[in-house]
Amino acid sequence: MSESTVTPAGMADPAARRELTSGFTAEPGTAKPDPILVVDTIVRQFGGMTAVDVGHLEVQRGLITALIGPNGAGKTTFFNLVTGFDRPTSARSGAHWSFDGVKLDKTSASSVARAGMVRTFQLTKALSRMTVMDNMMLGAQHQAGENLMKALFSPVWRAQEREIEVKAKDLLDRFSLLEKKDDYAGSLSGGQRKLLEMARALMSDPKMIMLDEPMAGVNPALTQSLLGHIQSLRDDGMTVLFVEHDMHVVRHISDWVVVMAEGRLVAEGTADTVMSNPAVIDAYLGAHHDTDLGDDELLSDDKLQEIAEEVAAEEAEREAEGEKS
Amino acid sequence: MDTIQSILNAMVREAVSPQTAAVAIAVIGLNIHFGFTGLLNIGQSAFMLLGAYGFAISITHGLPLVVAVLIGLAAAFVFALVLGMPTLKLRGDYLAIVTISAAEIIRYVGRSVGYDWLLKLTHGAQGIPGSQYRGPFTDLSPFGDGNTTILSFSYHDVAGGAAWVTILGLLLVAGLIAAMVLASRRLSGRIRPAAIIALSILTLLLVLFLAPVTGQNTGVRGWWFTVVTWVLVGISTVVVLLLVKSPWGRLLKGIREDEDAIRSLGKNVFAIKMQALIIGGLFGALGGIMFVLPATVQPDSMGRSLTFFCYTALLLGGAASIFGPVLGSLLFFVGRAFIISASNAYVPDSVLSTDKTAQFAFVVIGVALMLLVIFRPQGILGDKRELRFNV
């Protein structure tokens, strides 16, 4: 992995990371000193529903950034947009994003991956009817043998194939999948498939890896080792952006947290500051989460009137905002 | 005994027929589409028909043989491009719809009589008679004139061709096939292919001993046609073997499993699918050229039913296997010949008249295909594990 190291020292030192993140202002869309991914005005609408509406987001190089938010917040859609699996509705009206200085506005999913930003999927896409080893070998970039003209002549690609094989075995060993290398990927457990998908993504020597719910459906013992792997990637100098629901995981490994709700960025900050942020608590629990619905006082006409007014005001505000944008 | 002998002869004649081999080449192409890449091409007959038209029309216009073959292949190449451009970015079902309708369009254009210039090229539904384009190919034959019987030493020479010789021979054939199945299951390493090849050569010799085939050396459906077509089957198989074992072949299987996963790894899925469509189509065109050489270029003989014969042969032999297409085509045509001649011989005319047996054979093959897909979906040579985890 050392070839792909971007920041020479990496971000292995926790104190250095804390010092770095303490310099960021904790508000949505804040600027960072060395962003690897910069996203501007990405809007995705499905019919009348706005799934994603992100004004500005920067992801700092060499850190683990968590993207959290309640169900339906648009996290996965945002992932799909940034990695080229979906096109933003705002494609012609100001949607820009760049990765490591390269503009990605119009590129396809495969060229995003070639630029060095590789993703995994929420529902793992292990290639079930191929062996674990074949799965890994597919991850490597710039294979001469994948060119149709050269494929017929094995001496042209034999040597490169062997190098890739060594690398694949190394990675499989690291993810403790080596003894499974000749099994069909379909026979692996859900957690092992997650590991395989991550290992396969790493075969392409990415600069940044985007993990969509890496811990979903993984047993607690395996979660520990997965977390270890993700941290060691960061220590090797890779940037990690991941979507996760488990707050313990987020608190445990992320250096910076971005919160989405209803398609927008609502907060940014370190794990602790974000979790005490009222906007985040509102997003997860609703604005009236601390009101006791069993309280008889709520049934009085005055109180109901008050709540109705509050709702009306909120709706008006939202509409006004909608017209503006 | 004579009826059994005549049934046997009919089967062996069908097995060595150049048209069986020609369909095998087209099935090899279809295997690249369907078996390895997962492209549901229901228009393989159109690739064959275009190859045949390109070849036959070029020769009737006085072009040399090599150029004519290249033109036939080029027609299939362009057809693949035109089909692939709009459909390969969409989901697989769309390719199926487009290929089946495009195949029908090609067939109807070929048989249409509306335009004089077109009619002069394709001769409408009657088609281009083989005698008009067969010449240059027949002239190449080094075999000379006359007849040759393959295996001059045959059952006639043992005990005067008594019935027990044939029965013993048939039992031996069954034994050899059983041995082959055992060898493919029990053996491993380098002995396995060697044992299988040795056993199949032995079986072939024994079959030819039991039912010697006599044919012209050079004439239509003669040995020259048979040898060239089967050699082409061999070459196609080797090419596919090399391609599939390469990283390119690995990519094909990856695309069959999950396109998005391959895209997320930075591969150009569209380009690879297009390459697969073209390569499979070229094999189809080559099969088409060899298919019409001993016959005529008749659009209706290369319609939907031929595509479905190809699929039957492919599923029978085993999709995504190397030798599956060849074995499948052999079994398909030999099995059909067996059903036709056996029902001619044993079913009384009051139950099934002789001219209906060909249709009856297709009914039996259809039922066999259904049973096959239900009880052995991987076909004869397919890898069961490749189908088991289809989540």
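Quick caveat, the model's predicted, so the values are computed rather than measured. (Residues numbered from 1 in each chain as written. Chains lettered and ligands numbered in written order. Predicted model: local features only at pLDDT ≥ 70, side-chain atom pairs only at ≥ 80, totals over all residues. Heavy atoms only, no water.)

Enquirer: Mind showing me how you'd approach the overall build of chain B here?
Expert: What chain B contains, in helices and strands, is 17 helices and two strands. Against the 2.2 N^0.38 benchmark of 21 Å for 391 residues, chain B shows a C-alpha radius of gyration of 22 Å, consistent with a compact globule. Referenced to the eigenvectors of the C-alpha coordinate spread, the extents of chain B come out at roughly 65 × 55 × 45 Å. Expressed as a percentage of the 391 residues in chain B, the buried residues total 49%. Counted over contacts in chain B with a minimum sequence separation of 6, partners at least 24 positions apart contribute 77%. Counting 26 positive and 17 negative side-chain charges, chain B places the centres of these two groups 9 Å from one another. (Helix = DSSP H or I, 4+ residues; strand = E, 2+ residues; numbered from the N terminus. Rg over C-alpha atoms; globule rule 2.2 N^0.38 Å. Buried < 20%, exposed > 50% of the residue type's maximum accessible area, 1.4 Å probe, protein only. Contact = heavy atoms within 4.5 Å. Lys, Arg positive; Asp, Glu negative; His and termini not counted. Charge placed at Lys NZ, Arg CZ, Asp CG, Glu CD.)

Enquirer: Help me out: how do you make sense of the pattern of salt bridges in this one?
Expert: Once the charged atoms of two side chains with opposite charge are near each other, the side chains can pair. If you walk through the whole model with that rule in mind, you get 28 salt bridges over all chains. Its salt-bridge partner being Asp272 of chain A, residue Arg251 of chain A comes within 3.0 Å of it at the nearest N-O pair. With Arg251 of chain A in helix H9 (residues 247–253) and Asp272 of chain A in helix H10 (residues 271–275), the pair connects residues that are 21 residues apart, well separated along the chain. Residues Arg256 of chain B and Glu257 of chain B are paired through a salt bridge, measuring 3.1 Å at the closest nitrogen-oxygen approach. Under the relative-accessibility criterion, Glu257 of chain B is labelled buried at 18%. In this structure, a network of salt bridges that share partners links the residues Glu104, Arg107, Arg111, Asp300 and Arg304 of chain B. (Salt bridge = Lys/Arg side-chain N within 4 Å of Asp/Glu carboxyl O.)

Enquirer: In this structure, what is going on with the sheet that holds strand S4 (residues 96–99) of chain A? I would like to understand it.
Expert: Whenever strands of a sheet pair, they do so through backbone hydrogen bonds, lying parallel or antiparallel. All names here are of chain A. With antiparallel pairing, the four strands of this open sheet are ordered in space as S2-S1-S4-S5. Only two strands of the sheet have a single partner each, and these edge strands are strand S2 (49–60) and strand S5 (102–103). In terms of strand pairing, strand S1 (residues 35–46) meets S2 through 10 bridges, oriented antiparallel. Looking at the pairing, Pro35 lines up with Gln60 of S2. The sheet contacts of helix H2 (residues 75–82) involve S1, S2 and S4, and relative to S1 the element is tilted by about 115 degrees. (Pairing = 2+ DSSP bridges. Axes fitted to C-alpha atoms, helices over the stretch in contact; angles between N-to-C directions.)

Enquirer: In this structure, what is going on with the sheet that holds strand S9 (residues 256–261) of chain A? I would like to understand it.
Expert: All names here are of chain A. If you walk across this open sheet you meet the six strands as S6-S7-S8-S3-S9-S10, and the pairing is mixed. Each having just a single partner strand, strand S6 (117–119) and strand S10 (264–269) make up the two edges of the open sheet. Each neighbouring strand pair of the sheet contributes to a mean axis angle of 20 degrees, computed without reference to strand direction. For strand S7 (residues 208–212) and strand S8 (residues 239–243), the ladder comprises five bridges, and the chain directions are parallel. Residue Met208 lies in a different strand from S8, and its bridge partner there is Thr239. Its contacts with the sheet put helix H8 (residues 220–235) on strand S3 (64–68), S7 and S8, and the angle it makes with S3 is roughly 130 degrees.

Enquirer: Where do I start with the packing of aromatic side chains in this structure?
Expert: To describe a pair of aromatic rings, one takes the distance between the centres and the angle between the planes. Tallying each qualifying case throughout the model produces 11 aromatic pairs over all chains. Ring centres of Phe309 of chain B and Phe332 of chain B lie 5.1 Å apart, and the angle between their planes is 40 degrees; on these two criteria the pair is classed as tilted. On the criterion of sequence distance, the pair formed by Phe309 of chain B in helix H14 (residues 304–317) and Phe332 of chain B in helix H15 (residues 324–346) is long-range, its members being 23 residues apart. Pairwise contacts between aromatic rings join Phe309, Phe332, Phe333 and Phe362 of chain B into one cluster. Over the ring of Phe24 of chain A we find Lys32 of chain A, and its NZ or CZ is 5.9 Å from the ring centre. Above the ring of Phe121 of chain A, the side-chain terminus of Lys125 of chain A is found at 5.0 Å from the ring centroid. (Phe/Tyr/Trp six-rings, centres within 6.5 Å; stacked < 30°, edge-to-face > 60°. Lys NZ or Arg CZ within 6 Å of the ring centre and 35° of its normal.)

Enquirer: Looking at this model, I keep getting lost on empty space enclosed by the protein. Mind explaining?
Expert: Empty space among the atoms becomes apparent when a probe as large as a water molecule is rolled across them. Residues and elements named next belong to chain A. Evaluated as defined, the whole model comprises four cavities of 30 Å³ or more. In this structure, the largest cavity encloses a volume near 60 Å³. Lining the largest cavity we find Thr120, Phe121, Thr124, Lys194, Glu197, Met198, Leu211, Pro214 and Leu226. No other element matches helix H7 (residues 190–202), which puts three residues into the lining of the largest cavity. Here the residues of the lining of the largest cavity sort into five nonpolar, two polar and two charged. (1 Å grid on protein atoms, 1.4 Å probe; cavity = no way out; pocket = protein on both sides within 12 Å on 5 of 7 lines; lining within 4 Å. Points joined across faces, edges and corners; volume = space filled by probe spheres on them. Nonpolar A, V, L, I, M, F, W, Y, C, P; charged D, E, K, R; others polar.)

Enquirer: How do you make sense of the interface of chain A and chain B when you look at a structure like this?
Expert: Accessible area lost upon the coming together of the parts serves often as the stated size of an interface. Each side of the interface is counted separately: chain A has 33 residues, and chain B has 33 residues. Taken as a group, Arg129, Leu148 and Tyr184 of chain A account for 26% of the area that chain A buries against chain B, more than any other trio of residues on that side. In this structure, the salt-bridge partner of Asp258 of chain B is Lys125 of chain A, at a minimum N-O distance of 3.6 Å. Taken together, the connections running from chain A to chain B amount to nine residue pairs in polar contact (both at pLDDT 80 or more). For the side of chain A that touches chain B, the elements supplying multiple residues, two or more each, are helix H3 (109–115), S6, helix H4 (132–139), helix H5 (148–151), helix H6 (154–174) and H7 of chain A. Looking at the side of chain A that touches chain B residue by residue, the classes come out as 16 nonpolar, nine polar and eight charged. (Buried area = accessible area lost by both parts, 1.4 Å probe. Polar contact = N/O pair within 3.5 Å; in protein donor to acceptor, adjacent residues only side chain to side chain.)

Enquirer: Where do I start with the pairing of strand S2 (residues 213–216) of chain B in this structure?
Expert: Strand residues, when the strand is regular, have side chains that alternate between the two faces of the sheet. Residue and element names in this part refer to chain B. Here S2 shows a clear split, with Val213 and Gly215 buried on one side and none of Thr214 and Gln216 buried on the other. Relative to S2, strand S1 (residues 147–150) runs antiparallel, the two being bridged by four bridges. Paired with Asn147 across the bridge in S2 is Gln216.

Enquirer: Help me out: how do you make sense of the confidence of the model for chain B in this one?
Expert: Atom-level detail of predicted coordinates should not be read off regions where pLDDT is low. Residue and element names in this part refer to chain B. Mean pLDDT over chain B stands at 87; residues scoring 70 or higher make up 97%. Per-residue pLDDT, averaged within each element of chain B, yields its smallest value for helix H17 (residues 384–388) (63) and its largest for helix H13 (residues 269–292) (95). For this predicted complex, the interface confidence score (ipTM) comes to 0.80, while the overall pTM stands at 0.86. (pLDDT = per-residue confidence, 0-100.)

Enquirer: Just to check I follow, could you spell out the domain arrangement of chain B for this structure?
Expert: On domain assignment, one finds that chain B holds domain 1 (14–148 + 217–387) and domain 2 (151–212). One C-alpha centre belongs to domain 1 of chain B, the other to domain 2 of chain B; they are set 29 Å apart. (Domains from an automatic or database assignment.)

Enquirer: Sorry if this is basic, but what is going on with the nonpolar core here?
Expert: Taken as a class, soluble globular proteins show a tendency for nonpolar side chains to be buried jointly. Residues Tyr133 and Val297 of chain B are the most contacted members of the largest nonpolar core, which totals 87 residues. Top contributing element to this core by residue count: H13 of chain B, with 14 residues. Counting 47 residues, the second-largest nonpolar core is a separate cluster that includes Met137, Met198, Ile230 and Val259 of chain A. (Core = buried A, V, L, I, M, F, W, Y, C linked by side-chain atoms within 4.5 Å.)

Enquirer: Whenever I open this one, the domain arrangement of chain A confuses me. Can you help?
Expert: Taken domain by domain, chain A holds domain 1 (3–124 + 208–324) and domain 2 (127–187). Each of domain 1 of chain A and domain 2 of chain A has a C-alpha centre, and the two are 33 Å apart.

Enquirer: Help me out: how do you make sense of unusual backbone geometry in this one?
Expert: Despite not being glycine, Ser176 of chain A shows a phi value in the positive range, around 45 degrees. Inspection of the secondary structure assignment puts Ser176 of chain A in the loop between H6 and H7.

Enquirer: Explanation requested: the environment of Ala15 of chain B in the structure shown.
Expert: All names here are of chain B. Following the sequence through the fold, Ala15 ends up in helix H1 (residues 2–16). We classify Ala15 as buried; its relative accessible area is 19%. Once the C-alpha coordinates of Ala15 and Gln5 are considered, the two residues, 10 residues apart in sequence, prove to be 15 Å apart. Not counting residues up to four positions away in its chain, the partners in contact with Ala15 are Thr20, Trp230, Leu330 and Val334.

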